[in-house]
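# Results of the structural survey
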Amino acid sequence: MRSAGPGSPARPGSPEGPDSSEGSDASSGSTPSSGPTPPSGAMSIAAIAAAVRSGEASAAGIVEQYLGVIEAMDAGVGAFLEVAGEAAIAAARRVDALMASGEDPGPLAGVPLAVKDNMCTRGVATTCASRILAGWRPPYDATAVARLAAAGAVTVGKTNMDEFAMGSSTENSAVCVTHNPYDPSRVPGGSSGGSAAAVAAGMIPGALGSDTGGSIRQPAALCGVVGVKPTYGMVSRYGLVAFASSLDQIGPLTRSVEDAALLYSVIAGHDPADSTSIREEPEWTGRLAAPDILEKGVVGTVVGLLREITDGADPEVRSRVLEAAEGLSRLGATVEEVSIPELRFALPAYYLIAPAEASSNLARYDGMRYGLRLGDGSAESVMSTTRAAGFGAEVKRRIMLGTYALSAGYYDAYYGKAQRVRTVLVSAFDAAYRRFDVLLGAASPTVAFRIGEKVNDPLAMYMSDVCTIPTNLAGHPAMSVPFGTAPAPGGNGSATGPAMPVGVQVLAPRLGEPAMFSVAAALERIAPVTEPPVLDRQEL
Amino acid sequence: MAVDASGGSVGYEPVIGLEVHCELATATKLFCSCPNSFGDEPNTNVCPVCLALPGSLPVLNERAVDLAIRVGLALHSDVRQCTFHRKNYFYPDMPKDYQISQYDEPLNAGGWLDLPSGTRVGVTRAHLEEDTGKTVHMGGTGRIHDATFSLVDYNRAGVPLLEIVSEPDIRSPQEAREYVAELRAILVAAGASKARMEEGSMRVDVNISVRPAGSASLATRCEIKNLNSLRSLVRALEYEIARQAEVYRSGGSVVQETRHFDEDTGRTASLRSKEEAHDYRYFEEPDLLRLVPGQERVDAIAAGLPAMPAQRRSEIAALFSSAGAGTGGGAGAGGAREDQIAGLVENGLDGLLLAAVNGGVSPEKALARTANEAASRIDEALALDPESYGRLLVMEEAGKLTATQVKAVLSEMLDEGRGDPAAIAKRLGFETMGAGSINASVEEVVASNAAEWDRYCSGEDKLAQFFIGQVMKATRGKADGKAVVAELQRLRSTR
């Protein structure tokens with residue numbers, strides 16, 4: 001938490017307790033609580049880095065401790081596909097050696113982190129939770145992963161996901177099911193479900209995910225953590241296994257807005273290896289966690305309550321969004337309702353563009369150079385047999401959708417038209433952002449649903465991303481901030497299920513991250529107190 | 001089908017368009033920093049990007065763009081803002097299973113190329129794309145249908161290619177040959193490509209249809225892929241023209257298809273029909289930005305563009321006409337000279353000739369040495385310093401070196417890639433022999449071979465060769481044969 005500066009480092013493993021540092025704009029007293037309660041006893045990224053950098057704690061000690069927690073807990077959660085313990089401890093010792101020699105180990109010194117399994121980690125299996133890449137060990141690190149390491153962070157393992165990031169529940173993983181720490185019978189969302197669940201359960205203080213149509217924000221919402229999808233081009237995609245190149249972005253999942261800002265600040269910036277990475281870095285690059293952003297408050301901020309991603313949400317989810325809007329209003333923001341009718345085209349356009357790009361991006365998994373290789377005789381036999389056995393049903397469905405959308409005679413009607421919709425969406429957003437600094441809505445139309453509930457209903461599953469997809473098509477930033485809970489629908493529709501986390505989504509224009517983080521930090525300060533997840537490290 | 005390739009096309013006119021792929025002479029590949037190098041150990045010039053490892057991304061090689069613009073300007077194309085597209089199809093030697101190419105917005109649009117014979121051939125476009133790897137089929141005849149396995153070398157994957165598409169303006173196999181030769185000369189002149197068909201750095205596909213002579217309509221065309229020499233190009237076209245003419249003559253119709261030319265039989269055969277053609281599912285490459293070559297950049301490239309082959313050929317031909325062209329011989333020799341000049345220009349060796357002429361060597365001598373000796377080792381000759389080369393020929397012209405010695409010195413220079421001809425001549429023991437020492441040596445040889453001398457003096461001229469041989473032996477080859485004969489004749493006349 002922000003109070004844990006270098007002068008007052010928390011001891012490793014010690015519960016920090018409720019945050020006592022109330023923001024000035026949280027003092028209206030009319031909110032359900034003052035200050036967020038950490039969902040578990042895990043430390044914040046800020047606190048760990050401060051402790052290691054001040055010499056209060058050793059990086060190796062911190063990493064070993066988190067490895068122990070993962071060892072004890074992950075059997076029940078299923079968040080990790082691989083834990084690279086020895087390599088992590090070795091990396092942590094290098095951080096400690098730097099400290100011992102008086103060198104700066106970096107702003108994230110000794111912070112253990114997890115990385116979604118679609119980001120390349122040198123020598124550590126990177127499989128996208130697919131059979132077709134089982135056991136594949138990349139010879140290089142993704143730029144985002146390398147930047148974290150250069151900042152002193154320690155990657156301890158790779159997290160579960162929907163195969164090739166295609167899905168909204170992590171059930172499309174070819175390896176295992178991941179359970180929501182708030183209710184193990186429910187999904188963590190997806191596709192970055194492993195990262196979200198690991199952070200929510202306190203197994204790791206932060207993780208990287210990737211967001212093509214909501215794959216960071218939706219699981220963040222369902223697991224009660226913070227999840228950020230950056231402006232397209234702010235974080236290098238080099239080493240991120242491509243799903244839909246024009247939509248994919250890497251971003252952080254953390255337990256607090258400040259931690260998200262810290263991770264974002266480290267992974268953002270121009271990368272010559274990614275031609276789509278933004279060349280002229282904005283002034284705020286690297287300093288999103290600065291007080292003039294996180295403590296800025298919302299006085300004078302103009303917030304649009306976006307009806308298209310609020311009204312269609314479940315009533316209890318919608319109520320939390322409205323409460324969040326009221327809270328911001330009380331803190332001094334101007335809140336008005338706004339409608340962008342063009343958003344109704346976003347979901348269909350997305351389900352043409354993303355599969356089209358995916359059908360091409362996934363062509364390389366042909367059994368020729370790496371990964372699974374089956375079949376014999378001709379190259380055609382190897383390619384078709386490998387792909388038939390190596391890809392799961394959802395991946396095949398999208399490859400076929402995309403191949404069809406790009407085919408001669410259909411291109412204009414499908415892919416071409418979807419691209420024109422994208423242009424229309426950007427204009428519609430631009431018009432809204434001439435009036436509003438940020439937009440507000442739900443990050444997911446529902447709370448976490450039950451495992452198996454939607455696996456056989458692709459359209460229902462696709463609707464899970466209806467709130468998040470528009471910003472990907474526009475290339476804009478957006479983030480999900482935990483804001484209380486809503487009772488999950490019961491098993492037979494009548495009975496009431498457990499209280500599950502709700503995420504409020506803050507959307508901003510291209511490169512509008514400072515305003516987005518200011519509003520997110522304010523929301524975090526006024527968010528209702530919630531119970532920690534049932535799967536929580538405190539139970540150990 | 002039996003086709004009489006000699007006279008089978010009477011009454012029909014071919015309509016031919018060419019697609020020429022050439023590898024651009026960059027240091028590195030089009031989208032990564034691997035070396036662009038021919039003939040290396042297989043799969044050594046590879047990295048995550050050109051092997052298409054998961055997560056890798058392309059970064060455009062700006063040098064390749066510059067070279068492509070040079071060619072575009074040389075072909076009078078409009079250099080434009082453009083986009084890259086993905087051409088999707090599965091093949092083991094294409095690591096991504098799509099090729100990054102250009103589609104509806106090429107870098108160079110339009111243009112033309114004037115053939116030496118006078119025909120102007122329109123250029124449709126010249127666009128950038130990446131090369132594939134190379135598949136070698138093992139076992140059987142080495143072709144895919146009876147191979148037991150195949151090996152893929154990805155060194156070539158990602159090498160920058162320029163695809164130059166002509167309008168269907170070509171009307172004979174000879175014109176097609178002329179077009180390819182002239183295009184090759186332009187590519188070399190622009191410094192854009194080595195354009196060697198024998199190394200595969202230049203490859204030719206043809207589109208060919210035939211129509212009744214005098215007709216203006218276009219008939220169904222066939223494509224013949226991967227012709228790897230000018231000879232194959234001509235042979236394949238001759239066969240295909242006759243074949244299509246025969247199809248029409250016998251009342252049939254030509255089917256649109258892709259055909260393969262068999263070097264051994266000299267025939268083309270169907271590879272795949274239009275129905276089997278790939279649907280490439282082109283779409284804009286999302287990993288690359290739009291390419292916007294600014295006017296400033298294009299202007300700078302235009303300003304740095306060297307003289308093109310047509311201009312250089314006429315400049316060299318002018319050397320001969322102004323020198324009187326007396327020694328060249330008749331029209332036949334003139335045609336041979338034109339061919340030699342064209343060959344030097346095509347390979348970029350005309351600079352050597354000019355350096356020699358500028359040094360005072362006669363155009364005839366400079367052409368003979370450059371076309372016969374230097375051009376026999378093109379790669380090494382291209383690395384020569386023209387000024388040094390000029391000085392070597394000047395030494396011959398001045399009688400300081402014999403023809404044999406010049407060839408020996410040049411061979412050394414080509415081996416070393418540089419060198420001062422005078423120093424090499426000295427090292428080889430080719431010190432210039434003064435007239436005095438030659439004459440002394442001739443007198444010695446005459447004195448010790450009295451019988452032969454008598455026969456020579458009585459009119460047996462062929463014995464001059466005997467005396468030359470003896471003098472050469474005595475001087476260890478340093479004497480100039482002509483000087484020896486001159487001294488022999490002087491001695492005989494004063495006897």
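Residues numbered from 1 in each chain as written. Chains lettered and ligands numbered in written order. Predicted model: local features only at pLDDT ≥ 70, side-chain atom pairs only at ≥ 80, totals over all residues. Heavy atoms only, no water.

### With respect to the overall build of chain B
- The helix and strand tally for chain B stands at 16 helices and 15 strands.
- Considered along the principal axes of its C-alpha atoms, chain B spans approximately 90 × 55 × 50 Å.
- Per-residue burial for chain B yields a buried fraction of 49% across its 495 residues.
- Taking all contacts inside chain B whose residues are at least 6 apart in sequence as the whole, residues at least 24 apart take part in 70%. (Helix = DSSP H or I, 4+ residues; strand = E, 2+ residues; numbered from the N terminus. Buried < 20%, exposed > 50% of the residue type's maximum accessible area, 1.4 Å probe, protein only. Contact = heavy atoms within 4.5 Å.)

### Looking at unusual backbone geometry
Residue and element names in this part refer to chain A.
- The residue after Gly190, namely Ser191, is reached through a cis peptide bond having omega 10 degrees.
- Phi at Thr170 takes a positive value of approximately 65 degrees, unusual for a residue other than glycine.
- Here Thr170 shows up in the loop between β3 (154–159) and α5 (193–200).

### Regarding the domain arrangement of chain A
Residues and elements named next belong to chain A.
- Split by domain assignment, chain A resolves into domain 1 (40–344 + 420–539) and domain 2 (345–419).
- Between domain 1 and domain 2, the C-alpha centre-to-centre distance is 27 Å.
- Together, the buried faces of domain 1 and domain 2 total about 3000 Å²; carbon and sulfur atoms form 63% of this surface.
- Broken down residue by residue, the surface that domain 1 buries against domain 2 is led by Ile132, Arg420 and Tyr462, which jointly contribute 24%.
- Seen at the junction of domain 1 and domain 2, the total is zero salt bridges.
- Our enumeration of links across domain 1 and domain 2 arrives at 23 residue pairs in polar contact (both at pLDDT 80 or more).
- Within the residue set of the side of domain 1 that touches domain 2, elements represented by two or more residues are α13 (412–435), α14 (458–463) and α15 (469–474).
- Tallying contributions element by element places α13 first for the side of domain 1 that touches domain 2, with five residues.
- Looking at the side of domain 1 that touches domain 2 residue by residue, the class counts come to 20 nonpolar, eight polar and seven charged. (Domains from an automatic or database assignment. Buried area = accessible area lost by both parts, 1.4 Å probe. Salt bridge = Lys/Arg side-chain N within 4 Å of Asp/Glu carboxyl O. Polar contact = N/O pair within 3.5 Å; in protein donor to acceptor, adjacent residues only side chain to side chain. Nonpolar A, V, L, I, M, F, W, Y, C, P; charged D, E, K, R; others polar.)

### Side note on the interface of chain B and chain A
- The interface of chain B with chain A comprises 30 residues on the first partner and 39 residues on the second.
- Between chain B and chain A, roughly 2600 Å² of surface is buried when both sides are summed, and carbon and sulfur atoms account for 58% of that area.
- Where chain B touches chain A, the interface holds two salt bridges.
- Measuring nitrogen to oxygen at the nearest pair gives 3.9 Å for the salt bridge that ties Asp97 of chain B to Arg369 of chain A.
- Joining chain B to chain A, the criterion identifies 16 residue pairs in polar contact (both at pLDDT 80 or more).
- Residue composition of the side of chain B that touches chain A, grouped by class: 21 nonpolar, three polar and six charged.

### Things to note about empty space enclosed by the protein
Residues and elements named next belong to chain B.
- Using the criterion set out here, one finds six cavities of 30 Å³ or more in the structure.
- The calculated volume of the second largest cavity comes to roughly 160 Å³.
- Taken together, 21 residues line the second largest cavity, and the ones lying closest to its centre are Phe31, Val49, Cys50, Lys96 and Glu130.
- A total of three residues in the lining of the second largest cavity trace back to one element, the largest contributor, which is strand β4 (residues 98–101). (1 Å grid on protein atoms, 1.4 Å probe; cavity = no way out; pocket = protein on both sides within 12 Å on 5 of 7 lines; lining within 4 Å. Points joined across faces, edges and corners; volume = space filled by probe spheres on them.)

### Quick look at the pairing of strand β2 (residues 112–116) of chain A
All names here are of chain A.
- The buried count for β2 comes to five of five residues, which makes it a mostly enclosed element.
- The alternating pattern of β2 places Pro112, Ala114 and Lys116 on one face and Leu113 and Val115 on the opposite face, and all of these are buried.
- Sheet topology note: the β2/β3 ladder contains five bridges and is parallel. Paired with Pro112 across the bridge in β3 is Val154.
- Taking the sense of rotation as the criterion, the β-α-β connection linking β2, helix α4 (residues 143–150) and β3 turns out right-handed.
- In this structure, β2 lies alongside strand β4 (residues 206–211), joined through two bridges in parallel fashion. (Pairing = 2+ DSSP bridges. Right-handed = clockwise from strand over helix to strand, strands pointing away.)

### Focus: the packing of helix α8 (residues 363–372) of chain B against helix α10 (residues 386–397) of chain B
All names here are of chain B.
- Here α8 crosses α10 at 120 degrees, and the two axes come no closer than 11 Å. As far as their axial angle goes, α10 and α8 are oblique. Taken as a pair, α8 and α10 cross one another with a handedness that is right-handed. Residues Lys365, Ala366, Arg369 and Thr370 of α8 form the contact with α10, whose own contacting residues are Tyr389, Leu393, Glu396 and Glu397.
- Residue composition of the contact of α8 with α10, by class: three nonpolar, one polar and four charged. (Axes fitted to C-alpha atoms, helices over the stretch in contact; angles between N-to-C directions. Parallel < 35°, antiparallel > 145°, perpendicular 65-115°, else oblique. Left-handed = near helix turned anticlockwise from the far one by under 90°.)

### Thoughts on the packing of helix α2 (residues 173–189) of chain B against helix α3 (residues 230–249) of chain B
All names here are of chain B.
- Running from N to C, α2 and α3 point in directions that differ by 150 degrees, and their axes come no closer than 9 Å. The angle between the axes of α2 and α3 places the two elements in the roughly antiparallel class. Handedness of the α2/α3 crossing: right-handed. Touching Pro173, Gln174, Ala176, Arg177 and Val180 of α2 are Leu230, Arg231, Leu233, Val234, Leu237, Glu238 and Ile241, all from α3.
- Counted by class, the contact of α2 with α3 contains eight nonpolar, one polar and three charged residues.

### Some remarks on a nonpolar patch on the surface
- Where nonpolar side chains cluster on the molecular surface, the patch consists of Tyr404, Tyr410 and Tyr414 of chain A and spans about 290 Å² of accessible area.
- By the element assignment, Tyr414 of chain A lies in helix α13. (Patch = residues over 30% accessible without salt bridge, like charges linked within 9 Å, V, L, I, M, F, W, Y side chains within 5 Å. Areas by Shrake-Rupley, 256 points an atom, 1.4 Å probe, with all protein chains shown as cover.)

### Thoughts on α3 of chain B
- For α3 of chain B, with 20 residues, the first-to-last C-alpha span of 28 Å sits near the 28 Å given by 1.5 Å per residue.
- Gly251 of chain B occupies a position one or two residues after α3 of chain B and carries a positive phi of about 85 degrees. (Expected span 1.5 Å × (residues − 1).)

### Regarding the nonpolar core
- Core analysis: the largest hydrophobic core is formed by 247 residues, its most contacted members being Phe164, Phe517 and Leu523 of chain A together with Leu18, Ile164 and Tyr179 of chain B.
- If you look at the next biggest cluster of nonpolar residues, it comprises 30 residues, including Leu344, Ala356, Ala371 and Tyr389 of chain B. (Core = buried A, V, L, I, M, F, W, Y, C linked by side-chain atoms within 4.5 Å.)

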